[in-house]
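Chain by chain, the residues run as shown.
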Amino acid sequence: MNVTAIVFKGKEGKKAIKQILNSKPVRNEYTTTIEERSKSYVSPTVPAFNYRTK
Amino acid sequence: MTLETGNYYLEHLSDDVNSYELKMFRVQYEETQLTRYLVKIAKKHEKTMLNKTYLVRDKNNGNLVARFSLKNATLPYNDKKSSFLIPAVELTHFAVDKRYKLTASQNKTSVKTGEFIFWNLILPVVRDISEKVACKDLFIFSINAPKLINYYKNRLGFQEIENIDDKFFFEYAVPDYDGNCKFLYLPLV
């Protein structure tokens, strides 16, 4: 099974969905600096996987 | 849509992709169902448009670095008096190969591989969708591991519903990879 059908329900569901409706993107030390930090990202040096030879 | 950034580029899952290669993907958590999905189901879902799977590859050698899937979804509220839907996109089966986890420079603020991929490859796809089709949130059912949840919240900007236990407010058919998963959402605006 790979189903993720969600139904918000009841009073608590209404509170929850209002949280989602009223939320704004998170601004913290990581999310606000991601563009700058991404510039210094260095991909790990990983040798070519050899499964294509199988 | 072709997307590339740094050493990585995106590719759609297709019949041309070697199943053995998909099988050899090394997950970081015990996510055997994630691998099962990629190997056994993802191609079928791709053909029938039930889910769109992307592969992230290393430009230098074609290695499969990460994979993720995206699908349109809604977050519905329903009771006797009112009902409405929040349009959204669901991120599923996001995983980075173990061998790409470690980066050369590791300090608190260093960008992790998954973080880099999320902000520079996944979100641009989602934002492109949201420019064309109304879409307020991106959401995910995360494996319920505290370290992973914190990572999603701090590094990727996801949020969880506060002060309410999931089981009191919604019902859902759980993803195949974790019956105890955690609902997290990311507002796009």
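Further up the page is the structure itself.
The rules we used
Residues numbered from 1 in each chain as written. Chains lettered and ligands numbered in written order. Predicted model: local features only at pLDDT ≥ 70, side-chain atom pairs only at ≥ 80, totals over all residues. Heavy atoms only, no water. Helix = DSSP H or I, 4+ residues; strand = E, 2+ residues; numbered from the N terminus. Buried < 20%, exposed > 50% of the residue type's maximum accessible area, 1.4 Å probe, protein only. Contact = heavy atoms within 4.5 Å. Buried area = accessible area lost by both parts, 1.4 Å probe. Polar contact = N/O pair within 3.5 Å; in protein donor to acceptor, adjacent residues only side chain to side chain. Nonpolar A, V, L, I, M, F, W, Y, C, P; charged D, E, K, R; others polar. Patch = residues over 30% accessible without salt bridge, like charges linked within 9 Å, V, L, I, M, F, W, Y side chains within 5 Å. Areas by Shrake-Rupley, 256 points an atom, 1.4 Å probe, with all protein chains shown as cover. Salt bridge = Lys/Arg side-chain N within 4 Å of Asp/Glu carboxyl O. Lys, Arg positive; Asp, Glu negative; His and termini not counted. Charge placed at Lys NZ, Arg CZ, Asp CG, Glu CD. Phe/Tyr/Trp six-rings, centres within 6.5 Å; stacked < 30°, edge-to-face > 60°.

*Asks:* Help me get a handle on the environment of B:S83, residues and values and all.
*Replies:* All names here are of chain B. Inspection of the secondary structure puts S83 in strand β5 (residues 83-96). On the basis of relative accessibility, which here comes to 51%, the residue S83 falls in the exposed class. Dropping the residues within four chain positions of it, S83 is found in contact with Y77 and N78.

*Asks:* Describe in detail the interface of chain A and chain B, supporting the description with residues and values.
*Replies:* Taken together, the 41 residues of chain A in the interface contact 69 residues of chain B. Summed over both partners, the interface of chain A with chain B comes to about 4900 Å²; 59% of that surface belongs to carbon and sulfur atoms. For the pair chain A and chain B, the interface holds 16 residue pairs in polar contact (both at pLDDT 80 or more). Listed by contribution, the elements that provide at least two residues to the side of chain A that touches chain B are β1 (6-8), α1 (10-22) and α2 (34-39) of chain A. In terms of residues, the side of chain A that touches chain B owes the most to one element, α1(A), which gives 10 residues. Partitioning the side of chain A that touches chain B into residue classes produces 22 nonpolar, 10 polar and 9 charged.

*Asks:* Would you mind going over a positive patch on the surface in detail, with residue names and values included?
*Replies:* All names here are of chain B. Positive charge collects at one region of the surface, where R26, K98, K101, K112 and K147 lie side by side. Residue position: K147 is located in helix α4 (residues 146-154). Residue class for K147 comes out exposed when judged on its relative accessible area of 65%.

*Asks:* Report on the side chain of B:S69, specifying residues and quantitative values.
*Replies:* All names here are of chain B. Structurally, S69 is set in strand β4 (residues 64-78). Given a relative accessible area of 1%, S69 falls into the buried group. One polar contact links S69 to T53, side chain to side chain, over a distance of 2.8 Å.

*Asks:* Can you break down the packing of aromatic side chains residue by residue, with the values?
*Replies:* The description of two aromatic rings rests on the distance between their centres and on the angle between their planes. One pass over the structure, following the stated rule, counts 16 aromatic pairs over all chains. A centroid spacing of 5.7 Å and a plane angle of 85° characterise the contact between B:F118 and B:W119, whose relative ring orientation is edge-to-face. Using a relative accessible area of 0% as the deciding quantity, one classes B:F118 as buried. With 5.6 Å between their ring centres and 75° between their planes, B:Y152 and B:F158 make a pair best called edge-to-face. In this pair, the class of B:Y152 matches that of B:F158, namely buried. In this structure an aromatic cluster arises from ring pairing among A:F8, B:F139, B:F141, B:F183 and B:Y185.

*Asks:* Go over unusual backbone geometry with me, naming the residues and quoting the values.
*Replies:* Residue and element names in this part refer to chain B. Notably, M49 is not glycine yet its phi reads approximately 60°, a positive angle. Within the secondary structure, M49 sits in the loop between α2 (32-47) and β3 (52-58). For H93, which is not glycine, the phi dihedral falls at a positive 50°. Note that H93 resides in strand β5. On the accessibility criterion, H93 (3% relative accessible area) is buried.

*Asks:* Could you give me a rundown of the environment of B:T74, with the residues and numbers involved?
*Replies:* Residues and elements named next belong to chain B. With respect to the helices and strands, T74 occurs in strand β4. Residue classification places T74 among the partly exposed positions, given a relative accessible area of 37%. Sequence separation between T74 and C135 is 61 residues, and the spatial gap between their C-alpha atoms is 8.9 Å. The contacts of T74, once residues within four sequence positions are left out, are L85, I86 and A88.

These results come straight from atomic positions and should not be treated as a statement about function.
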